[in-house]
Amino acid sequence: MPEISGVSGHAKEFTIKDEPVENLRPLRVVVIGAGFSGIVAAIRIPEKLRNIDLTVYEKNDGVGGVWWLNKYPGVACDIPSHSYQYSFAPNPNWSNLYAPGSEIREYLEDVAEKFGATRFIKTSHEVKECAWDAEKKQWKIKVLNLATGDIVDDTANVLVTARGQLNEIKWPPIPGLENFKGKKMHSGAWDPSYDFTNKKIGVVGNGSSAIQIIPSLQRVEGTSLSCFMRSPTWISSSFGDYAMIQLGLDPKATSFTEEQKKKFVEDPEHFLKFRKVFEDDGNSIHDSTIIGSTMQTEFQAYYRAAMEKTLSSRPDLIKTIIPTFAPGCRRLTPGTGFLDSLLQPNVDVIHDGVTSIGASSVVLTSGREIADIDVLICATGFHVSTAPPFPIVGRDGRTLADRWSPLPESYLSLAVDGFPNYLMMFGPNSAIGFGSLTKILEAEADFVVRVVRKLQKDDYATIEPKAERVRDFTAFVGKYFANTVYLDKCKSWYRSEGGTGDRIVGLWPGSTLHALEALRSPRWEDFVYESIEPEGGNGLRWLGNGWSTTQTTGDPSWYINPDEVEMPYGKEPEENPQFKARPWSY
Ligand code: NAP
């Protein structure tokens, strides 16, 4: 259609774009990763937007992210599964309150299939490089097809990384590790075919992974375990204990009977009530993250008493395993069966640091040597809150790795200045110590949708956060955490400098509910934009030609359809339960 022109007073001729106001300009979006974040992005983007050409690249040959990768024995959810799922796909069939990893992977596969995400996901495709093309205002992406070995060149108007935080495995920098001649495994790169029967096993680490691995391997016939744990760690009572008690259930009986699951399916109200107890529980313990709070003091005393009770036969372990730092400083884990396993005769807990590794031995700082080790398991964590292992090159050729040196800075964990049309899901500062993580990921997907829609509808070619707002968020994060347990005297992946720094780079600065509110409606004034309209032209070109698609291809009287009409609650709106839950929601 020709342009409609003729209004003066502009540097350039003022033209009207002959399009309806909705402006469904085609855009290409590439998402990297098909775990919890990438799947919800691949559900919401096609559901809420039109004319979006979407591809999700996943390097693994299945979806599920960490739940696809982690195959070590005992891998399971360490918070109640009913609070670790999508809000729109509650699963009545979890076999256990702490569902095994394989069930979570199957759940994610099912959700991806059921809600149409699978068709956008290309598995066995590893992104190797992303570079911003300032002229074309799009990302150039190189992808390796792992099945064929071919490199595919792709482009995207919007690039979304949804890579998770816990997938780039970190081997410990212990001298001699490469010389170990026995079997060597990382918790995140497990060899399920290895037979542990009758093996002498060394396990390095006592984070959430080792805490699940140790009790599982301790039970394998003929094993003996040397557990190298240089730091103490809190073991919480199961996070769901309190909720289970509230529900009149035995907190120790965490597996669900067929009868219970049937009731979840047949009685949605009962199921919702059940889920809400766990959700409320997770959200009500935020105060325990504040140093010196009554809740923190009480939790500490409670966990200490429980740990001392379990370890009562081993004062040496009580002394070395129970921390002096506040619970929550490191990721708090229920550790079902962990402490009991340490009491078993086939387990040796070793607190000395490891100085070197030989062909079949581990040498400790004390000089002691643990010999004849058949298999060495490094449950030593992941490279967290660092730039992806492949280059992301933004404006002016600057890499994200360089921008994030020394600290991964962001705008609300979602975007970085200098990186136009680049969004992150589960980026730095978006995990949570307590409360629902999965709901935060959903909120991030909604944010991504809104940003893409803004580019599309408002005729912007680019969007990126203002450098000042990234600076402000960084300052906020710094101040917020000063008063929290997370900066107490512990090492953890939440912290900068590989776990020892004085900045928190893993966690959202606030509660889950705080994150949901902060992410709910974007503050567009915190971003800078480039219009697709040349300088001096019609800055409101997005208004189009005075028509709406609802007049042409839609429903021209949509606004009286009952599901479109927002009914006032009545004479006493303050009685509206929605208003009561979120009185600020406008
Ligand atoms: P992690 O929490 O980072 O723990 C790594 C462990 O390795 C620490 O105990 C660390 O000791 C030790 N370590 C590292 N380098 C070492 C070295 N050179 N010498 C001796 N020890 C060394 O890693 P993770 O256990 O894999 O857990 C990471 C996160 O994944 C968890 O916090 C959790 O969020 C998630 N996760 C979740 C689940 C679940 O939901 N089921 C399960 C597993 C993991 P220091 O503490 O002394 O540094």
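Residues numbered from 1 in each chain as written. Predicted model: local features only at pLDDT ≥ 70, side-chain atom pairs only at ≥ 80, totals over all residues. Heavy atoms only, no water.

*Asks:* Lay out the sheet that holds strand 4 (residues 52-57) with the relevant residues and their values.
*Replies:* Taking strand neighbours across the sheet as the criterion, the five strands line up as 5-4-3-9-19 in an open arrangement whose pairing is parallel. Sheet topology places strand 5 (121-122) and strand 19 (422-424) at the edges, where each strand pairs with a single neighbour. Set on the sheet, helix 12 (residues 438-457) makes contact with strand 3 (27-32), strand 4, strand 9 (158-161) and strand 19; between it and strand 3 the angle comes to about 155 degrees. (Pairing = 2+ DSSP bridges. Helix = DSSP H or I, 4+ residues; strand = E, 2+ residues; numbered from the N terminus. Contact = heavy atoms within 4.5 Å. Axes fitted to C-alpha atoms, helices over the stretch in contact; angles between N-to-C directions.)

*Asks:* Give me the pairing of strand 17 (residues 375-378): which residues, what numbers.
*Replies:* What you see with strand 17 is no split at all: Val375 and Ile377 on one side and Leu376 and Cys378 on the other are buried throughout. Across four bridges, the pairing between strand 10 (residues 183-186) and strand 17 is parallel. Across the sheet, Lys184 pairs through a bridge with Leu376, a residue of strand 17. Of the pairings in the sheet, the one linking strand 11 (residues 200-204) to strand 17 comprises four bridges and is parallel in character. Residue Val203 lies in a different strand from strand 17, and its bridge partner there is Ile377. (Buried < 20%, exposed > 50% of the residue type's maximum accessible area, 1.4 Å probe, protein only.)

*Asks:* Give me the site of the ligand: which residues, what numbers.
*Replies:* Around the ligand, a shell composed of 25 residues is seen, among which Ala76, Ser209, Ser231, Arg330 and Trp493 lie nearest. In this structure, an oxygen atom belonging to the ligand sits 3.0 Å away from a side-chain N or O atom of Asp78. One of the backbone N or O atoms of Gly207 is found 3.5 Å from an oxygen atom in the ligand. Burial of the ligand by the surrounding chains reaches 86%, relative to a free accessible area of 910 Å². (Near = heavy atom within 4 Å. Polar contact = N/O pair within 3.5 Å; in protein donor to acceptor, adjacent residues only side chain to side chain. Areas by Shrake-Rupley, 256 points an atom, 1.4 Å probe, with all protein chains shown as cover.)

*Asks:* Provide a residue-level description of the environment of Val470, including the pertinent values.
*Replies:* Within the secondary structure, Val470 sits in helix 13 (residues 467-481). Residue classification places Val470 among the buried positions, given a relative accessible area of 0%. In sequence terms Val470 and Tyr480 are 10 residues apart; their C-alpha atoms lie 15 Å from each other. Not counting residues within four places of it along the chain, the set of residues in contact with Val470 comprises Arg403, Glu409, Ser410, Tyr411, Asp417 and Pro465.

*Asks:* With reference to specific residues and values, describe the nonpolar core.
*Replies:* Within the largest apolar cluster, 108 residues are counted, with the highest numbers of intra-cluster contacts made by Ile45 and Leu342. If you tally residues by element for this core, the top one is helix 12, at 10 residues. Each of domain 1 (27-168 + 384-531) and domain 2 (177-236 + 292-325 + 327-378) gives at least three residues to this core. The residues touching Leu342, leaving out its near neighbours within four places in the chain, are Ile214, Met229, Arg314, Leu317, Ile321, Val347 and Val349. (Core = buried A, V, L, I, M, F, W, Y, C linked by side-chain atoms within 4.5 Å. Domains from an automatic or database assignment.)

*Asks:* Go over empty space enclosed by the protein, please, and point to the residues and values.
*Replies:* In total, this model carries six cavities of 30 Å³ or more according to the counting rule given. Approximately 180 Å³ is the volume attributed to the largest cavity. Lining the largest cavity are 19 residues, with Arg163, Gly164, Thr386, Phe426 and Gly427 positioned closest to its centre. The residue inventory of the lining of the largest cavity, partitioned by class, reads nine nonpolar, eight polar and two charged. (1 Å grid on protein atoms, 1.4 Å probe; cavity = no way out; pocket = protein on both sides within 12 Å on 5 of 7 lines; lining within 4 Å. Points joined across faces, edges and corners; volume = space filled by probe spheres on them. Nonpolar A, V, L, I, M, F, W, Y, C, P; charged D, E, K, R; others polar.)

*Asks:* Talk me through the state of the cysteines; I want residue IDs and the actual numbers.
*Replies:* Scanning the model with the defined rule gives one disulfide in all. Disulfide pairing is shown between Cys329 and Cys490; the S-S distance is 2.1 Å. In this structure, the disulfide formed by Cys329 and Cys490 twists by about -90 degrees around the S-S bond and is classed as left-handed. One end of the pair, Cys329, is in the loop between helix 9 (315-321) and helix 10 (338-342); the other, Cys490, is in the loop between helix 13 and helix 14 (512-520), with 161 residues separating them in the sequence. (Disulfide = S-S within 2.5 Å.)

*Asks:* Tell me about helix 7 (residues 268-284), and please be specific about residues and values.
*Replies:* Spacing of three or four residues puts side chains on the same side of an α-helix, whose turn is 3.6 residues. The first and last C-alpha atoms of helix 7 sit 24 Å apart over 17 residues, in line with the 24 Å expected at 1.5 Å per residue. Taken residue by residue, helix 7 has Phe271, Phe274, Arg275, Val277, Phe278, Asp281 and Gly282 as its buried positions. The buried residues of helix 7 occupy an angular sector of 140 degrees when projected down its axis, which confines them to one face. Away from the buried face of helix 7 by more than 90 degrees, exposed residues Pro268, Glu269 and Lys273 are located. Looking at the buried side of helix 7, the elements it contacts are helix 5 (241-246) and helix 6 (258-266). (Expected span 1.5 Å × (residues − 1). Arc of directions from axis to C-beta.)

*Asks:* If you had to explain the packing of helix 1 (residues 36-48) against helix 12 to someone new, which residues and values would you point to?
*Replies:* Look at helix 1 against helix 12: their axes get within 9 Å of each other, and the N-to-C directions meet at 40 degrees. Here helix 1 is positioned oblique relative to helix 12, judged by the angle of their axes. Between helix 1 and helix 12 lies a crossing of right-handed hand. Taken together, the residues of helix 12 that come into contact with helix 1 (itself represented by Phe36, Ser37, Val40, Ala41, Arg44, Ile45 and Lys48) are Thr438, Leu441, Glu442, Ala445, Asp446, Val448 and Val449. Split into classes, the residues belonging to the contact of helix 1 with helix 12 amount to eight nonpolar, two polar and four charged. (Parallel < 35°, antiparallel > 145°, perpendicular 65-115°, else oblique. Left-handed = near helix turned anticlockwise from the far one by under 90°.)

*Asks:* Please give an account of the packing of aromatic side chains that cites residues and values.
*Replies:* Scanning the model with the defined rule gives 30 aromatic pairs in all. Ring pairs connect the aromatic residues Phe36, Trp67, Tyr84, Tyr86, Phe88, Trp94, Tyr107 and Phe115, which therefore count as one cluster. Across the ring face of Phe88, the terminal group of Arg44 is positioned such that the distance to the ring centre comes to 4.8 Å. Between the NZ or CZ atom of Arg275 and the centre of the ring of Phe271, over which it lies, the distance is 5.8 Å. (Phe/Tyr/Trp six-rings, centres within 6.5 Å; stacked < 30°, edge-to-face > 60°. Lys NZ or Arg CZ within 6 Å of the ring centre and 35° of its normal.)

*Asks:* How would you explain the layout of surface pockets if you had to name every residue and give the values?
*Replies:* In this model, the second largest pocket occupies a volume close to 880 Å³. Taken together, 26 residues make up the lining of the second largest pocket; nearest its centre are Glu279, Asn283, Lys439, Leu513 and Leu516. Sorting the residues of the lining of the second largest pocket by element identifies helix 7, helix 12 and helix 14 as the ones contributing at least two each. Of the residues contributing to the lining of the second largest pocket, the split by class is seven nonpolar, eight polar and 11 charged.

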